Each structure stands twice: as C-alpha cells, then as structure tokens.
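# Coordinates in review
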Amino acid sequence: MRHPSDEHDPRAELPGVDASGAITPAELQLSARNHGLPLEALAYDVTPAGMHYLLTHYDMPVVDPASWRLGVGGLVGQELTFSLEDLIARPAVTQAVTMECAGNGRTGMSPRPIGQPWVVEAVGTAEWTGVPLRAVLEAAGVQDAAIAVLFGSLDRGTEDGRPTSFERSLSLADAHRDEVLLAYAMNGQPLPPQHGFPLRLVVPGWYGMASVKWLERITLIDRPFEGHHQVRGYCLRQTPDEQGEPLTRMRPRSLMTPPGVPESTSRERRLKPGPVTVRGRAWSGLAEIARVELSADGGESWSEARLAPAPSPWVWQAWEWAWDAHPGTHELCCRATDRAGNAQPLEPTWNLGGYVNNEVQRVPVIVARSELDV
Ligand SMILES: Nc1nc2c(c(=O)[nH]1)N[C@H]1C(S)=C(S)[C@@H](COP(=O)(O)O)O[C@H]1N2
Ligand SMILES: [Mo]
C-alpha cells in the first residue's frame, strides 16, 4: 500500500534514508547483526537459542557478571541492589514465551520504511528462567505516588544527535502482571550475550521492544516516561510530528515452513507432486488463536488447518494442513484469526516506522511434473 501523500515522502526527514528506496549499506550492516528465525526452525516448540531472532539497536555490552548489579530505586520504600547470585537464589519461574519484533513484515510496505529490513522472520520462542518482576517490586515496596516502572539498560547510542540508551517503561499494572519476568537464563543456559546477559526483562504477549535486555536499573516514577524508544520509536505514526499510538501486544500472525526445497540464490522453491503436509505456527498477544486458514491460490479460496491446543497463552500454536500438490505454479498463503476476532489482513497498512505488518505470508512454489524433477 502506498502512502497517501505522493508529493512528500515523510521519510525524507529521517536520518539514513536512501531516496531510491534501495537497501542501504547501513541497513545491510544492521541485517547482518540482527538475524531472523530460519523458517524451517518453526518445527521446534522451543527455538534453539542460536536460531531465535535477534534485534539490537546499538552495540552489545560486554558485562562482567562479578561486578554487575541491578539497582531498584526511585519511588520505592527501600532502595535495593541485587547481584546475579542474589537473583538466582530467589524462587525461580521458567516460562516459554513467543517474542516477535514490532518491525516484523517491514519490507512488505511501500515506500519501505527505513529500519532493520525484516521480511517475516523476526520471531522465536524461548524458555526463559528468572524472578517474577512483581516479587522484586514487592521486596522494594512501591510508594503511592508511583505510576510507572522504568527499565534502564547498559547499551548506549545516539538518536537525532543526542545521547540515548535503550530505556522503556511499563505502567504499574502491566509491571505487576504474573507473567512478567526478570530473566537470567534462556533455554536452560545463562543468557547469551546477544540476548541480554546477565539479565533482561521478558514481557509475554508484547512485541519484543518491551523486553529490555542488559538491565541495570529499575526506577519507580511518578510521570509518564518520554524517552526516544517510548514516544518516538514503537508508535504508529503517519508523519514525524505526530505522537501516534504506542505499540503493546502482538497482533495475530501465522507462518509456515515453506514446503519443498529452495534454489540456493533465487530462493525459488520446488516440490514433488502429490500429498504434502504444510506445517507452521500461529500466535497472538491479544487472545488465543481461533483458527488458521490456508490457501494454495494466492488467497482466492481458503480452508482450515488442524490447530494443536494452546500450551499456554504466551506461546505459539502448531498447525498443519494437508495439500494435494498438482504440477504448476502456486502461491501458498496462511492466515490466523484470534478469539478476539483479530485476523491477518491481505495487505499492509502503512506507517512511518514500518510496524505491525501482520499481512498474510505468501510462499510461491513450483510443483514439478514428476518426482524426478526435484
Ligand atoms: N537494551 C536493549 N533491549 C532491547 C533492545 C535493544 O536494542 N537494547 N531491542 C529490543 C527489541 S526492538 C526487540 S524486538 C527485542 C529482541 O530481543 P532478542 O534480540 O532477544 O530477540 O529486544 C528488545 N530489547
Ligand atoms: Mo523490535
């Protein structure tokens, strides 16, 4: 979908924009650092850590766990400081969580918003172990004047020429939800450096930006936090002057593992004729998935996939769909709808940051005439 204004490209005011719309060397650098989930890894209930998507804005801090501390302060009853051992000694919770970047699907928009050029693969499911945030807030005590909790991290960069760090806040109510964790382990191992070692926040159901990595400080505050990553990034805006709606929970999305085999450079996929089981996952942070539908004709006709039960509200659900593949060229599509009635659209809705594009996944495939051709 094109932006309504033809005369003026609102991206022109943002840093790093290439007027031709081509992927810039800076974006290539970003996408070499921040990788996606290879779609064949949808086969795992829990994504192996190295296959989980990765998104980091600045440089990844190198942290010495012996000297690292988490500070809890601001409008608290008592300021607290935790070492990593202090946190590990507290009662722990392990929880599988599907996390997706709010910019997933960005390259499907036109004109293409500048940023990490995701196609559809910015997602993963990990088993996080840590301490419930609520327990730490209760240990410190929250003063009546506090309205929000600010999470400060160790990574540093600049935005619009000003020094910044990756900081985000949650309302008191969201911060006290049972499922919100301060996680020190991923899939049973200490957090890998790139996923926030030694401690990160995990906010199940929300887009990934809420899950602040490399945590160093939790501050109770009495006014809304207005840092870059709260009020500029991760808001749905059409123009740079607009404030826009802040992003929170993940919209429904389904993804399939593309069937068949790819050609190494064109990525064109071929498969044998005959029965095929197409498999994938679906999730929504807004409600449980109600159904997943598949199409083999580019979205003209749809039929329902078999959906596995939801293991918890916070993880993706497996689905499978039986297809009788006839020779020729086909476009496979999948579409999820959640129990709150949110469905994946057929077309994206443009916004400046290129966020929340949960349009249906489209996978072109060539079904060969015979088994021998694949
Ligand atoms: N400190 C810090 N936390 C961060 C980020 C970051 O750049 N710095 N990126 C956020 C974004 S935008 C996403 S999508 C998730 C990605 O988490 P992952 O890299 O562990 O998959 O981390 C979030 N937490
Ligand atoms: Mo993200």
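On a predicted model such as this, the values are computed, not experimentally measured, just so you know. (Residues numbered from 1 in each chain as written. Chains lettered and ligands numbered in written order. Predicted model: local features only at pLDDT ≥ 70, side-chain atom pairs only at ≥ 80, totals over all residues. Heavy atoms only, no water.)

## Things to note about the environment of Y44
Note that Y44 resides in the loop between α1 (25-33) and β1 (70-74). C-alpha of Y44 to C-alpha of T125: the two residues are 81 residues apart in sequence and 8.8 Å apart in space. Once residues lying within four places of it in the same chain are set aside, the contact partners of Y44 are M51, R281 and W316. (Helix = DSSP H or I, 4+ residues; strand = E, 2+ residues; numbered from the N terminus. Contact = heavy atoms within 4.5 Å.)

## Side note on the nonpolar core
One finds L70 and W128 to be the most contacted residues of the largest nonpolar core, which totals 68 residues. Of the residues forming this core, the biggest block, six residues, is contributed by strand β9 (residues 181-186). Setting aside anything within four residues of it in sequence, one finds L70 in contact with L80, T81, F82, L87, L182, L199, L215, E216, R217 and I218. (Core = buried A, V, L, I, M, F, W, Y, C linked by side-chain atoms within 4.5 Å. Buried < 20%, exposed > 50% of the residue type's maximum accessible area, 1.4 Å probe, protein only.)

## Some words on the site of ligand 1
Around ligand 1 there are 20 residues in total, and Y53, D155, H195, R200 and K213 lie nearest to it. Between ligand 1 and the protein, one listed contact pairs an oxygen atom with a side-chain N or O atom of H52 at 3.5 Å. Within the contact set of ligand 1, an oxygen atom lies 2.8 Å away from a backbone nitrogen or oxygen of Y53. Expressed as a share of its isolated accessible area of 540 Å², the protein-covered part of ligand 1 is 100%. In this structure the site holding ligand 1 corresponds to the largest cavity. (Near = heavy atom within 4 Å. Polar contact = N/O pair within 3.5 Å; in protein donor to acceptor, adjacent residues only side chain to side chain. Areas by Shrake-Rupley, 256 points an atom, 1.4 Å probe, with all protein chains shown as cover. 1 Å grid on protein atoms, 1.4 Å probe; cavity = no way out; pocket = protein on both sides within 12 Å on 5 of 7 lines; lining within 4 Å. Sits in = over half its atoms within 2 Å of the grid points.)

## A look at the packing of aromatic side chains
This structure, assessed with the given rule, holds four aromatic pairs. Geometry around W302 places R335 over its ring, the cationic atom sitting 4.0 Å from the centre. (Phe/Tyr/Trp six-rings, centres within 6.5 Å; stacked < 30°, edge-to-face > 60°. Lys NZ or Arg CZ within 6 Å of the ring centre and 35° of its normal.)

## Describing the confidence of the model for the chain
Residues with a pLDDT of 70 or more make up 95% of the chain, whose mean pLDDT is 94. Within the model, pLDDT remains below 50 along residues 1-7, and this stretch shows eleven contacts once partners closer than five positions in the same chain are excluded. (pLDDT = per-residue confidence, 0-100.)

## Topic: unusual backbone geometry
The amide bond that connects S110 to the next residue, P111, takes the cis arrangement and shows omega of -5°. Along the chain, the position of P111 falls in the loop between β3 (93-100) and β4 (123-132). With an omega of 5°, the peptide bond running from F197 to P198 counts as cis. Topologically, P198 is positioned in the loop between β10 (189-190) and β11 (200-202). One non-glycine residue, W214, adopts positive backbone phi at about 50°. With respect to the secondary-structure elements, W214 resides in the loop between β11 and β12 (215-221). Residue R267 is not a glycine yet carries a positive backbone phi of 70°. Taking the relative accessible area as the measure of exposure, R267 reaches 51% and is therefore exposed.

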